[in-house]
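Each chain, letter by letter, is given below.
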Amino acid sequence: MVMQMAVFALSLGLTLISFQSYRQRPSKRLESAFIGFAFLSMGVGFTTITSQLSEPLTVFYVVETIPFIVGFGMLYLSLYR
């Protein structure tokens, strides 16, 4: 649990840094990176919550996977804009 919270804290830190960078120099690349890190943070949060359930339903695994797909997609987009 402690390690999962550390990963969540690190992902929130990356989201905060990317948001600050976007606010200082607004661009489509930094905006996409910020959105990507925000979705990755949501995915980490959902994964942490799902791991605490004794027998999670399949829908929980789908819900925790979608933010990762969107997040990595946005990071990919930010690199190739």
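Each chain has its residues counted from 1, running along the sequence as written. Only residues with pLDDT of at least 70 are given local features in this predicted model, and only at 80 or more are side-chain atom pairs given and counted; all residues enter the totals for whole chains, interfaces and linings. Hydrogens and waters are ignored; side-chain quantities use all the structure's heavy atoms.

Caption draft 1: Highlighting the confidence of the model for the protein. pLDDT measures the predictor's confidence residue by residue and takes values from 0 up to 100. Mean pLDDT over the protein: 92, with 100% of residues reaching 70 or higher. Every helix listed is a DSSP run of H or I at least four residues long, and every strand listed is a run of E at least two residues long, numbered separately from the N terminus. Taken element by element, the protein is modelled with least confidence in helix α3 (residues 58-79), mean pLDDT 92, and with most confidence in helix α1 (residues 2-24), mean pLDDT 94.

Caption draft 2: Representation of the pattern of salt bridges within the structure. In the sections that follow, a salt bridge refers to a side-chain nitrogen of Lys or Arg positioned within 4 Å of a carboxyl oxygen of Asp or Glu. Inspection of every chain in the model, using the stated rule, returns one salt bridge. Linking E31 and K28 is a salt bridge whose minimum nitrogen-to-oxygen distance equals 3.5 Å. Taken together, the positions of E31 and K28, both in helix α2 (residues 28-51) and three residues apart, correspond to about one turn of that helix. Relative accessibility under 20% of the residue-type maximum defines a buried residue, over 50% an exposed one, and the middle range a partly exposed one, all with a 1.4 Å probe and only protein chains included. On the basis of relative accessible area, K28 is assigned to the exposed category, the value being 53%.

Caption draft 3: Main features of the packing of α1 against α2. Axis definition: a line fitted to C-alpha atoms, limited for helices to the stretch in contact. Angles are taken between N-to-C directions and run from 0 to 180 degrees. Two elements in contact, α1 and α2, have axes separated by 8 Å at closest approach and are oriented at 165 degrees. It follows that α1 is roughly antiparallel to α2 by the angle criterion. Both α1 and α2 take part in a crossing whose hand is left-handed. Along the contact surface, α1 presents Q4, M5, V7, F8, S11, L12, L14, T15, S18, F19, S21 and Y22, while α2 presents L30, E31, A33, F34, F37, A38, S41, V44, G45, T48 and S51. Any angle that falls under 35 degrees is termed roughly parallel, while one over 145 is termed roughly antiparallel, one within 65 to 115 roughly perpendicular, and all others oblique. Rotating anticlockwise by less than a right angle from the far helix to the near helix defines a left-handed crossing, while the corresponding clockwise rotation defines a right-handed one. Throughout, a contact is declared for two residues whenever any of their heavy atoms are within 4.5 Å.

Caption draft 4: Representation of the packing of aromatic side chains. Pairing of aromatic side chains here covers Phe, Tyr and the six-membered ring of Trp, requires ring centres within 6.5 Å, and sorts the geometry by plane angle: under 30 degrees stacked, over 60 edge-to-face, intermediate tilted. Counted under the stated rule, the structure contains two aromatic pairs. Here the aromatic rings of F19 and F34 are separated by 5.1 Å at their centres, their planes lie at 50 degrees, and the arrangement is tilted. Here the residue F19 occupies a position in helix α1, and F34 occupies one in helix α2, the gap between them amounting to 15 residues. For the pair Y76 and Y80, a centre-to-centre distance of 4.9 Å together with 45 degrees between the ring planes defines the contact as tilted. With relative accessibility at 55%, the residue Y76 sits in the exposed group.

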